[in-house]
Amino acid sequence: YNGVNLVHCKDPENKIGTAGQFIYDLNCMLHARKQNFDIIYVLGYTSSSIWQRLLKNKAIVITNMDGLEWKRSKYSPKVQKFLKYAEKLAVKHSDYLVADSIGIQTYLKQSYGVESAYHPYGSFVHEKPDAGCLSKYGLQEYQYDILIARFEPENNIEMVLEAFSNSTTARKFILIGNYAHTEFGKRMFAHYSNDSRISFLGAIYDQEELQNLRFYSNLYFHGHTVGGTNPSLLEAMGSSSLIVYHNNEFNAAIVGEDGFGFLSTEELIKIIESTVKEHHENKISENISKIKTIYSWNIIIDNYENYFEGLLHLKAVKVG
């Protein structure tokens, strides 16, 4: 693909379920250790770090630590305990670490006493909006609010739904995500779908359509609490959304004063009832500027290239 050699390793997930992730990662590690790679960049650690010691050869091993997976409430206490252990293994068996948010970088320093390189996730600016898809969902420009997320408790979907259902707004509220895939999602649908303003649209994978739905919304809710630089948040910023975000260190570090933070249902109700997008063009333009100057994929890719080349040069100097 574009000059990159893709290798497809055996993945038995469709036959044995989640355990197949571990076998897939093992197969990837076994393949990688046989190659003459300069750098092996491991994205995440949940099912790979138990095998990572197999990579101890001539290659530089770098791990992107992703989010705080062990904090996800969808996991049982035993799984959370394992994920915490997997995180520790990733730190132990990596030559270098990458954090995609300042919050994760701080956490790694405080928890393990290790440094990490900050390389955030990236996105693009949606420059050619088209309202054509709105009629498909019975929507009008800026007369609806939107939430796009996995239906998991840690994404604060229930708090947003409770606030919206108790608000006096006449706008519609659309939720995009596979609500029928989780028990939590099914419960949210059963409890809130009787409100005529609220629509559960299910999963939508057409990126152009998603960008346009974001662009023409009044408010965009981002309730994520676990993880670093969330891709969907950056996509919303690049789509000229007016962001209402759960006010934790990860989201606040990205949006800050260029959105509306919340920590309670009461705060959300006030925001929903009093906030009109056209009155906050300055916040939207500031977030667009961030995508262009900080979270642009072109900039991030260049930074990665410089980072990798710097590590290879450092290794050459040490060997020499």
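The structure under discussion appears in the preceding block.
Our subject in this report is the structure included herewith. (Residues numbered from 1 in each chain as written. Predicted model: local features only at pLDDT ≥ 70, side-chain atom pairs only at ≥ 80, totals over all residues. Heavy atoms only, no water.)

### Notes on the overall build of the protein chain
Put simply, the test is: Working definition: helices are DSSP H or I runs of at least four residues, strands are E runs of at least two. Numbering for both runs from the N terminus. What makes two residues a contact is simply this: any of their non-hydrogen atoms within 4.5 Å. Only the protein chains shown count as covering a residue, and every accessible area follows the Shrake-Rupley method with a 1.4 Å probe. Charged residues are defined narrowly, with Lys and Arg counted positive, Asp and Glu counted negative, and His plus the chain ends left uncounted. Here the site of a charge means NZ on Lys, CZ on Arg, CG on Asp, or CD on Glu.
A count of helices and strands for the protein chain gives twelve helices and ten strands. The dimensions of the protein chain, computed from C-alpha atoms along their principal axes, are 70 × 40 × 40 Å. When contacts within the protein chain are restricted to residue pairs at least 6 apart in sequence, long-range pairs at least 24 apart make up 65% of them. In the form shown here, the protein chain has an accessible surface area of approximately 16500 Å², with 52% of it arising from carbon and sulfur atoms. Distance from the positive charge centre (32 side chains) to the negative charge centre (36 side chains) of the protein chain: 10 Å.

### What about the packing of aromatic side chains?
Heads up, the condition is: Ring pairs shown here join Phe, Tyr and Trp side chains whose ring centres sit within 6.5 Å, with only the six-membered ring taken for Trp; geometry is labelled stacked below 30 degrees between planes, edge-to-face above 60, and tilted in between. Buried, partly exposed and exposed residues are distinguished by accessible area as a fraction of the type maximum, computed with a 1.4 Å probe on protein chains only: under 20%, between the cut-offs, and over 50%, respectively. Charge-over-ring placement is defined geometrically: NZ (Lys) or CZ (Arg) within 6 Å of the ring centre, and within 35 degrees of the ring normal.
Inspection of the entire model under this criterion finds 16 aromatic pairs. An angle of 55° between the planes, with centres 5.6 Å apart, marks the rings of Tyr41 and Tyr304 as tilted. Of this pair, Tyr41 sits in strand S1 (residues 39–43) while Tyr304 sits in helix H12 (residues 297–319), and the two are 263 residues apart along the sequence. Assessed through its relative accessible area of 26%, Tyr41 is described here as partly exposed. Taken together, the ring pairs connect Tyr41, Tyr304, Tyr307 and Phe308 into an aromatic cluster. Over the ring of Phe215 we find Lys277; its NZ or CZ atom is 5.7 Å from the centre of that ring. We note Lys283 situated over the ring of Phe260; from NZ or CZ to the ring centre the distance is 5.1 Å.

### A few points about the sheet that holds strand S3 (residues 96–99)
Note the threshold: Being paired, for any two strands, means DSSP has found at least two bridges between them.
On the basis of which strands lie adjacent, the open sheet formed by four strands has the order S1-S2-S3-S4 and parallel pairing. The open sheet has two edge strands, S1 and strand S4 (117–118), and neither has a second partner. Relative to strand S2 (residues 60–64), S1 is paired through five bridges, and the arrangement is parallel. If you follow Ile40 over to S2, its bridge partner there is Val61.

### Digging into the pairing of S2
The cut-off we apply is this: The crossover handedness rule: strands pointing away from the viewer, path from first strand over the helix to second strand clockwise, crossover right-handed.
With respect to burial, S2 is a largely interior element, five of its five residues being buried. Tracing the backbone out of S2, into helix H3 (residues 77–92) and back to the parallel element S3 gives a crossover that is right-handed.

### Observations regarding the packing of helix H8 (residues 231–238) against helix H11 (residues 281–293)
Selection criterion: Here an axis means a line fitted to C-alpha atoms, over the contact stretch when the element is a helix, while the angle between two N-to-C directions is reported on a 0 to 180 degree scale. Note on convention: near helix rotated counterclockwise from far helix by under a right angle means a left-handed crossing. Clockwise means right-handed. Gly counts as polar in this scheme, as do all residues outside two lists: the nonpolar Ala, Val, Leu, Ile, Met, Phe, Trp, Tyr, Cys and Pro, and the charged Asp, Glu, Lys and Arg.
Axis separation between H8 and H11 bottoms out at 8 Å; the angle between their running directions is 115°. The two elements H8 and H11 meet at a crossing, and its hand is left-handed. Together, Leu234, Met237 and Gly238 of H8 and Asn287, Ile288, Lys290 and Ile291 of H11 make up the contact between the two elements. The residue inventory of the contact of H8 with H11, partitioned by class, reads four nonpolar, two polar and one charged.

### Overview of the packing of helix H7 (residues 207–215) against H8
Look at H7 against H8: their axes get within 9 Å of each other, and the N-to-C directions meet at 65°. Between H7 and H8 lies a crossing whose hand is right-handed. Of H8, the residues touching H7 (which contributes Gln207, Gln211 and Arg214) are Ser232, Glu235 and Ala236. Its residues placed into classes, the contact of H7 with H8 shows one nonpolar, three polar and two charged.

### Details of H8
Owing to its 3.6 residues per turn, the α-helix brings residues three or four apart onto one side. Within H8, six of the eight residues are buried, which leaves the element mostly enclosed by the surrounding structure. Taken together, the buried positions of H8 are Ser232, Leu233, Leu234, Ala236, Met237 and Gly238. Tucked into the core, H8 has its buried residues touching strand S5 (144–148), H7, strand S8 (220–222), strand S9 (243–246), helix H9 (249–254) and H11. A positive backbone phi angle near 60° is found at Ser240, which sits one or two residues after H8.

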